[in-house]
Each structure stands twice: as structure tokens, then as C-alpha cells.
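An overview of the molecular structure
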Amino acid sequence: METLTFRQPRLVALILFVLIAAGASSLLAIGRQEDPTITNLFATVTAAFPGAEPGRVETLVTTKIEDHLREIPEIENIESVSSTGIAIVQVELSETLADDRIEQVWSEIRDVLDDARKEFPAGARDPEFSNDNIGGYSAIAALSARHSDVPMTIVSRYADELADTLRSVSGTKKVEIFGAPEEEILVAVDPGRSAALGLTPDMISAAIAASDSKGQAGRVRGASGDFVIEVDGEISAIDRLRDVIVRQDADGRIARLGDIAHVSRSQKTPVAEMARQNGNRAILVGAKLEDGLQIDVWSADIRAAIDGFQPKVPGGLSLQLVFDQSGYTSDRLAEVGLNMAIGVGLVVAVLLLTLGVRAAFIVALILPVVTLATIATMNYIGLAIHQMSVTGLIVALGLLVDAGIVMTDEVGQRIRRGEARIKAVRQSVRRLVAPLFASTVTTALSFTPMILLPGPAGDFVGSIAIAVVVMLGWSFIIAITVTPAIAGWLMPDETRATALQSGIPGGFLARGFAASLRWAVANPLRSVALSLVLPLVGFLSMPTLQAQFFPGVDRDQFYIEFDAMPGTSISKANQIVDRIDAELAAEPELRSVTWIVGRSGPSFYYNIVGGREDAPQYAQALITTSSPAATEEIVPRLQRTLAPKVPEVQLLVRGLVQGPPVNAPVELRLVGPDLNVLRDLGDQARTILSRIDVITLSRGTVGSGAPKVSVNVDEAKARLLGLDLAGVSRQLEASLEGVIGGSLVEGSEELDIRVRVGSAVRSDLGAVSDIPILPAGAAAIAARGDHPGVPLSAIARISLQPSDSSISRRNSERVNTVQAFLLRDVLPEEALKAAQAELQAAEFELPAGYRLELGGDSDARSNTVNNLLPRSPDRHADDRNNSRDLQFVPAVAGGDGCLRSFHWPEHSRARGVPISFRDYSDHRGDRFHRRVDQCRHHHPDRTSGRCEGQCQ
């Protein structure tokens, strides 16, 4: 068997042909993308409770959702934000779940949300579930208006048509529209006229719905025919809507809708979101590619579809592709391909000098064969070509040549010693098959932890290890089959060997190497000790290195986002965008600025997580520069200069980084029961962090609430008029926000009919206070000729007051997460150490019942490292290695102020494992004696030993 391939040249040719053909065909078919596909373990649940304060939302909606979600054991973390009128719950699944199980868990979550809905209070809406928030869009197109007077509703129609066009492109996974206004039929009621008739918006809406006969009215079923009966009168035009009868008295006099309201077709105001492209109002259309397909082929089809749509775009609009991932993918793959070609060239050049032209030819033949065989295997197992898998091929390049070189050299040496070629091949294979197999297996096993690494980090780096292992496997197979056969045919014997054929002699290098081998064999203990010097130095040097598990990205893109004060309108946020655009206009290296206001924009990079919905105070911009070098120059400058120009917002300028999604580089989670205490602690922590130069912005999840209008109704007066508080609240809600009654069908489009007061009324607090409030018998009072309504100000006192802040929770505990964002190229580990030092210097302490946990990059990195490294059998050592839920708990017990131990919890429940926190050790040492003295001062009855034990 050892000489089968040597004796059968046709078999070698067949093997080479099959591998080359399979690899070449796979190279044409294998998926090509820029980055690995990240398994989605995150989902968002949104539940609206209009008008409810954050405390009520937390108690009546958020906790109901969380309680039901905790029934699913596969859920790792549950985080929620309860704000005025809305609850947003974010779910993170366990990283160890199998892919098929993940889909089952999503289905189970939908089921428990249906159960939670049954416990919601009246007025709360059904929860909305979304698990498609991760992964970047592969293409983003912008339809922008060239002039400010172009109605965005017209732009929206073209955006809808463009979205349908992109959905028809083969391989498109998802298409979403950003910044499109909602269109509706607005019935702007005159509050005085409607009140004179005893009509509330609810009554008017009900009258409209009763006049809209869209349903079937039965059938005529005869012996010879079957006919559908329809009642004419469907609302199909605005004129028909104006003629709807809303009141008729006993004398037959009628009042039509057009008599008391202005009816028009318009966009819903205020708009929920808006987009801008280079300063002009726009609508964005984002498209995602199905996983495992070829981005370059799909993008070509997308560009062709957009080019085909261009003739439909009128002169007042502009259509452009603002983001095309295929260009970045091609550049990235071309870069790693060039690196691979350089590596192959260097390997062949070294072999040409050391082993000769024939050995170099053999290895040079093996490299592409093994590479093509690896690509065929990758295509078979569904591993696409992207930057990480190709990086794995480059890493394996230096490893795979070892087997080929060893086998070629062994065969060549035996032939030069005069052995028959077939014997040289046989003896070489017999001698080397076991060592080569052992070497291949041990090297492959060293990469196995990366393959087994769960979660997003495993998705990201695991493809490197898979590519390496596959390539090593094929290297071993070729080394014991094809390589010895070709070496047996081509390697020269001693009579024909020349320097060109057998390589340049080693000379003094070879003699020195031989001498070192003889010394090592003669002195085994010393040689082993000497070989351990460098590894030990390396291990000892590790604490001095800055930790950054995932590097930054060189790219001609970055992004800006800002949060204004709670209660800021989307119009005000758009004005802030105008000011930022004016500052950005001074940067000549900027090529494109694309904004989305009111929600998260389409993610253009795989680890950018959105999730911001219904946020009028929020905006995000995708910015493209002229080159990656320009990005590296602009980002640090804008981080220092742009925020002071818009001091009323929290502004971030962020570059792109590799790795799993992380909300902020540095996070300090303050956990405890009382919101006011959490807010104060967060403010203290933010003040301390603001002293660190490398931190550009710090913000907390618990802050001040938006101002609100408080309507204090005199219940006694209201009762005298036949009113109750619920009725007053409902009339205000219907008047200001509107009531949907019926719809207008126009072609394939159905527009809701909304009844409310006009914009002039609801934008003026004085006009709101004059809104007539009608009692239950208002219609009868109006029929007698009396005015039934009373102004709101007659029965209520109206004032502006601060509202409660949003309530953040993590795993059912209230939390204030203080996030810190850094200057470009500053390592998160470096910033975290600086933050810890500042907290020590400021003597930052937490009261009893509160704790501090580390999140952000430290959490993600520690989680990844712990998944890579074997778990310690010692529980305490295991806890010391896990900094994912690190808790700094300086609890105050009995007023003694002692600094308690630090411990790590499991699933946010403290296990009380005392340890020493390295970064706080000096701080604790300096303060220990002061704490003991304080303990003795407060409790004179205690001994020094007792205080020392309590303050350890």
C-alpha cells in the first residue's frame, strides 16, 4: 500500500485531477461574504402602554413579560427598559444552544408572550417580538428629494416600489424601509363646533365607521345563480367622507362631517422617523443577503435592479446606492489573497534555496492542491469564504508545508544514499506516517477550543480554526499519498545531484545545528530547562500586556449617534442634525453622510446592534470617507471637537471594531432596588469617569425624565357635571392623539381615517386647556339648544412637572448601567483600569444592598476567554477567573462602613465567595486601617480582632 501511488502514476493523476476539479468548481460556487455569519442569540420584545408612567409600565407590563420569559431555561439574560408608554425587553439566549434548538426557543418565547398578554391591563397593546436585529445590511439605497418642497409621501411610494424590486432579486433575505412617513386620512375636528353638537372624537369616529360599508351583506342563493350582495357607500374618496352624517335631530336636520372638520390626506404627524442623505430629506431602503451566498454576484444583481429602476425616478428625486458591501468584501478578500500569495512565494523561495528546484516544485504543486481540496471541503460543510476563513488558510499555510517538506526530504535522502526509488518511497512512508499523523492531530487539537467556542465569538473566530484543521487534514493525506510518489519520480540521485537540484549546502549553519543536537542529546535536563526559558518569560510577561481580544477595522466608514434630552421632539432632533451637518461640511474628506432620526439606522456592519425604536430624541449617521486613512484622521478629531458644538445632546463618534456585539467598551452596572439611589450613584460614577481624558462620553440608563403636563382634575366639580376621571382622560386622549374609524381604499393601498383636533390646538398648551369636555348626556343637552361642554381648565389645574425616569432592569433587578465610550485606538482594558483607579481615588462606595458589576468589552472578553480555557475544578479559582459578573460590594452593615469582600455571582445571585480584587488591592490596603478605626469608633464594645475580621 505504501507504494501504490508510486507504482500507479495514473492514480496520482486521477487524485490531482479530482481535487483540482472539485476545488475549482467549489471556488465558483462557495459563498463569499465579508465577515462570518453571527448566530443570532438576541431578540427584542416591545409592548406599548400609551400614557402610562414608567412605574406603571414596569409593574403592569414589563414584569409580566419577564416572569413568563423566565420560564424558559435557555434564556441567559433578560434586560428591560420601562419608559413612558412603552416597555422594551431584550432577550439573550445561552451561547451553548444548538442552532436547531435556537429556532425552537424563539417559538417558545412567542408562546409565552401570548400568555403574558392575557395579564396585561386594559389599554396595553399586544407585545411585538423581533429576532432579526443582528447582522448588517448588504446594500442600502437612498431615495432623496432634490428640493425641500417635494412631499415625502410621494417619495414613499417610489421607495415602496423600489423595495418590491429588490425583494424580487434572487438571494435577498430581507428588505426594510427607513424614514418613510405614514400616510393617513386626517379628520381635523373643530372642537367648538363638535362640542356644540355634543360630539366627541370617539362618536365621530364611530359614525364614520358605521358609514363605511366594505363588508359583504349576504348572498342571493337561487336555483340558477348565486349572487353576492353589497351595500353601496364604501368610503373610497375624501368627498364621500366629508358627506358622512354625524348628527341628525328630531326635525330631520343633519350635520355632515365636512361641517365640523377639515378632511385631508396627509402624513401622520409627528412623523415617527425620518432620513436624510447629504442634507436632503430621504428614504432609505436596506437589503440583506441570504447567508452563505456570493455577495459579489448578488450585489451585481442589486445594482442592475437599481439601474433598471432609475428611469422610473422623476426629476425631483435622486436614487443612489449609498452602501454596497461587495466592494469591501472584494477588497478584504483581495488583501488576504495577496498575503496568501506572498506566503506561498516565500515558502517556495526558501525551499528553492534549501532543498533545490525539484523539491521546491513538489511543495509548490502540493500547496494549491491542498488549498483547492480545502475549499471543496469548506463548500461541502457550508463554510463560506470570508476574511476569517481565509485568515485560517493563511495560518495553515506555514503548517501544511511541514509534512510535504519532511516527506520530500526523506525520500530524497534515501535516493541519494543509493536506495531503489520504490524502496525509498516505501521506507519513507512507513517511517513517517505515524509521526506526521501525531503531529497533525496534536496541531489540530490545539485549534479545537476555537471550533468549540460557543456564541458570537465562536462564530467569528471558529472559522479560522475550521479552515486550519481541514487544511492540515488534507496536508497529511497528500503527504502520505501523492507527495512520496512525486518525490520518488523527481528527486535526483547522488550521481546527478547539483546545488540547483538538491539545494545550497548548509555549511557552518548545518554544522552548528548538528552540534546543538548532539549537546541536547548528551544533556537532556539542561536542554529541556533551556527550552522552557522563553515560554516562561512569555507567561510572566502576560500581566504587563494590554488585553484586546478583537482588533479595530481599517475602513472608510464610521458612524455618529446622539441622544437628546427626554421629551425632545423629532423636529428638534432634526434641527440638531442640521447643525451637525454644517460642522461636517467643513471636512473635505467626507464623501457621504446618511442620517436616520427617530430610530436606529440600517446596520452596515455585522456587529452593530440597533434596537432603538420610537425614539424621537435619537439619531444615527453612516458616514463614508475618501479612504481608511482619512477615517483614522477624522474620527479622533471629531471625537474631541464635535460634541462641544452640540452640548445639549450626548454625542458619540465611533469607528468600527471586530468581534461580537458590545453596547459600550466600558460598562459599570449599578444594581439595587431604589431608582433615586441608582440615579445618584450613576451621576457620581459619571462625574468620576469624566475626569479620564480617553473617555469621550459617559452616560447612564437611569436619568431625569421628560417633562410632562399634569392635569389635576377637581373630581367634585367633574362629578357635578356627570364626568369621571377616566372619561376626562379618554376624551383628552382621543382629541389629541386621535381615534381610528374606518379606512379609505385607494387602489392597493388602505389608509386609516384618524379623527382628532387640529395641529394648532394640540401644539398649544393654552388651547389644550380650552378643549371642551363633554358629559355622558351631551347629545341630549345639545338637542335642547344648550352647549354641553365645559373647558378643561374649568374643572382641572394644568401644570408642567418632571416625569419619572425610565426604569432599567437586568434579570429582574433594577440597574443603572453607566457606559463609557473611548477615543479611537484606546484599548478598553486600559480605559477600564483608569476608571477603576479613579473610582478608588474618589473613594466611590455603594450603600448596603447595592453592587457593581462589570460589563462591556471586559464582559465579552472574559466570557470568550472563559469559554476557551478549561474550567478549574476549584470553585474559588473558577470564580476568580470569571470576571463577567464582577461585583464590588462595599456594604455598610450596622453603620460601621467596613469594606466588604468582592465576589462573583451566578446569574446575578451572589454566591459569597470572598476573593481579593487585584485592581483594588492597593486601595483596600490603604483604607483597611482607617476602616478598622472607624469600626472601633462606632462600636467601642468590639475588639480590634472583631473589627479587623469584619473589615477584611
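Residues numbered from 1 in each chain as written. Predicted model: local features only at pLDDT ≥ 70, side-chain atom pairs only at ≥ 80, totals over all residues. Heavy atoms only, no water.

The protein chain carries the name Cation/multidrug efflux pump in an unreviewed UniProt entry, which gives Hoeflea phototrophica as its organism.

**Some thoughts on the overall build of the protein chain**
A count of helices and strands for the protein chain gives 33 helices and 33 strands. For the protein chain, with 952 residues in total, the buried portion stands at 48%. The long-range share in the protein chain, meaning contacts at least 24 apart out of those at least 6 apart in sequence, stands at 77%. Accessible surface for the protein chain amounts to roughly 43,900 Å². Of this, 55% is attributable to carbon and sulfur atoms. (Helix = DSSP H or I, 4+ residues; strand = E, 2+ residues; numbered from the N terminus. Buried < 20%, exposed > 50% of the residue type's maximum accessible area, 1.4 Å probe, protein only. Contact = heavy atoms within 4.5 Å. Areas by Shrake-Rupley, 256 points an atom, 1.4 Å probe, with all protein chains shown as cover.)

**Structural notes on the UniProt feature "transmembrane region" (unreviewed entry) in the protein chain**
Mapped onto the present numbering, the UniProt feature "transmembrane region" (unreviewed entry) falls at residues 336–355, 362–382, 388–411, 432–452, 464–491 and 527–545. Across residues 432–452, the secondary structure splits into 100% helix and 0% strand, with the terminal C-alpha atoms separated by 30 Å. For residues 464–491, helix accounts for 96% and strand for 0%, while the C-alpha atoms at its two ends are 35 Å apart. (UniProt positions renumbered as here; feature names shortened; annotations may be inferred.)

**Some thoughts on the environment of glutamine 294**
The topology assignment puts glutamine 294 in the loop between β14 (280–289) and α10 (295–309). Under the relative-accessibility criterion, glutamine 294 is labelled buried at 13%. For the pair glutamine 294 and glycine 31, spaced 263 residues apart in sequence, the C-alpha separation works out to 4.6 Å. Leave out the neighbours within four places in its chain, and glutamine 294 touches Leu27, Leu28, Ala29, Ile30, Gly31, Arg32 and Leu289. There is a polar contact of 3.0 Å between the side chain of glutamine 294 and the backbone oxygen of isoleucine 30. (Polar contact = N/O pair within 3.5 Å; in protein donor to acceptor, adjacent residues only side chain to side chain.)

**So, the nonpolar core**
Formed by 53 residues in total, the largest nonpolar core has its most connected members in Leu367, Leu400, Leu436, Met471 and Ile478. Within the residue set of this core, elements represented by two or more residues are α2 (9–29), α11 (325–354), α12 (357–381), α13 (387–416), α14 (421–452) and α15 (455–490). Ranked by residue count, the leading element in this core is α15, at 12 residues. Contact partners of leucine 436, with chain neighbours within four places excluded, come to Ala403, Met407, Phe476 and Ala479. (Core = buried A, V, L, I, M, F, W, Y, C linked by side-chain atoms within 4.5 Å.)

**Here's the deal with the sheet that holds strand β23 (residues 739–746)**
Read across the open sheet, the 4 strands follow the order β12-β7-β24-β23; overall the sheet is mixed. A single partner strand is all that each edge strand has here, and the edge strands are β12 (261–267) and β23. Direction aside, neighbouring strands of the sheet carry axes that sit 25 degrees apart on average. Across 5 bridges, the pairing between strand β7 (residues 183–189) and strand β24 (residues 749–757) is parallel. By the bridge assignment, isoleucine 185 is partnered in β24 with isoleucine 753. Lying on the sheet, helix α5 (residues 152–167) is in contact with β7, β12 and β24; it crosses β12 at an angle near 45 degrees. With respect to the sheet, helix α24 (residues 725–737) is in contact with β23 and β24, its orientation differing from that of β24 by roughly 125 degrees. (Pairing = 2+ DSSP bridges. Axes fitted to C-alpha atoms, helices over the stretch in contact; angles between N-to-C directions.)

**Side note on the packing of aromatic side chains**
Applying the stated rule across the entire model yields 10 aromatic pairs. Above the plane of the ring of tyrosine 137 lies lysine 288, whose end atom (NZ or CZ) is 5.0 Å from the centre. Sitting over the ring of tyrosine 618, arginine 612 keeps its end group 4.3 Å from the ring centre. (Phe/Tyr/Trp six-rings, centres within 6.5 Å; stacked < 30°, edge-to-face > 60°. Lys NZ or Arg CZ within 6 Å of the ring centre and 35° of its normal.)

**Details of the pairing of strand β20 (residues 666–671)**
Where burial is concerned, most of β20 is hidden: 6 out of the 6 residues are buried. Residue alternation in β20 divides its side chains into two sets, Val666, Leu668 and Leu670 and Glu667, Arg669 and Val671, and both sets are buried. Of the pairings in the sheet, the one linking β20 to strand β29 (residues 813–822) comprises 6 bridges and is antiparallel in character. Looking across to β29, one finds that leucine 668 is bridged to valine 818.

**Section: the side chain of serine 735**
As for its placement among the helices and strands, serine 735 is situated in helix α24. Not counting residues within four places of it along the chain, the set of residues in contact with serine 735 comprises Pro201, Arg756, Val757 and Ile771.

**Concerning the layout of surface pockets**
Of the pockets and cavities examined, the second largest pocket occupies roughly 1,300 Å³. Thr37, Ile38, Thr39, Asp291 and Asp459 are the residues nearest the centre of the second largest pocket, which is lined by 45 residues in total. Broken down by secondary-structure element, the contributors of at least two residues to the lining of the second largest pocket are α4 (99–117), β14, α14 and α15. The element contributing the most residues to the lining of the second largest pocket is α15, with 6 residues. Its residues assigned to classes, the lining of the second largest pocket comprises 18 nonpolar, 16 polar and 11 charged. Here the lining of the second largest pocket gathers at least three residues from each of two domains, domain 1 (3–28 + 356–493) and domain 2 (42–130). (1 Å grid on protein atoms, 1.4 Å probe; cavity = no way out; pocket = protein on both sides within 12 Å on 5 of 7 lines; lining within 4 Å. Points joined across faces, edges and corners; volume = space filled by probe spheres on them. Nonpolar A, V, L, I, M, F, W, Y, C, P; charged D, E, K, R; others polar. Domains from an automatic or database assignment.)

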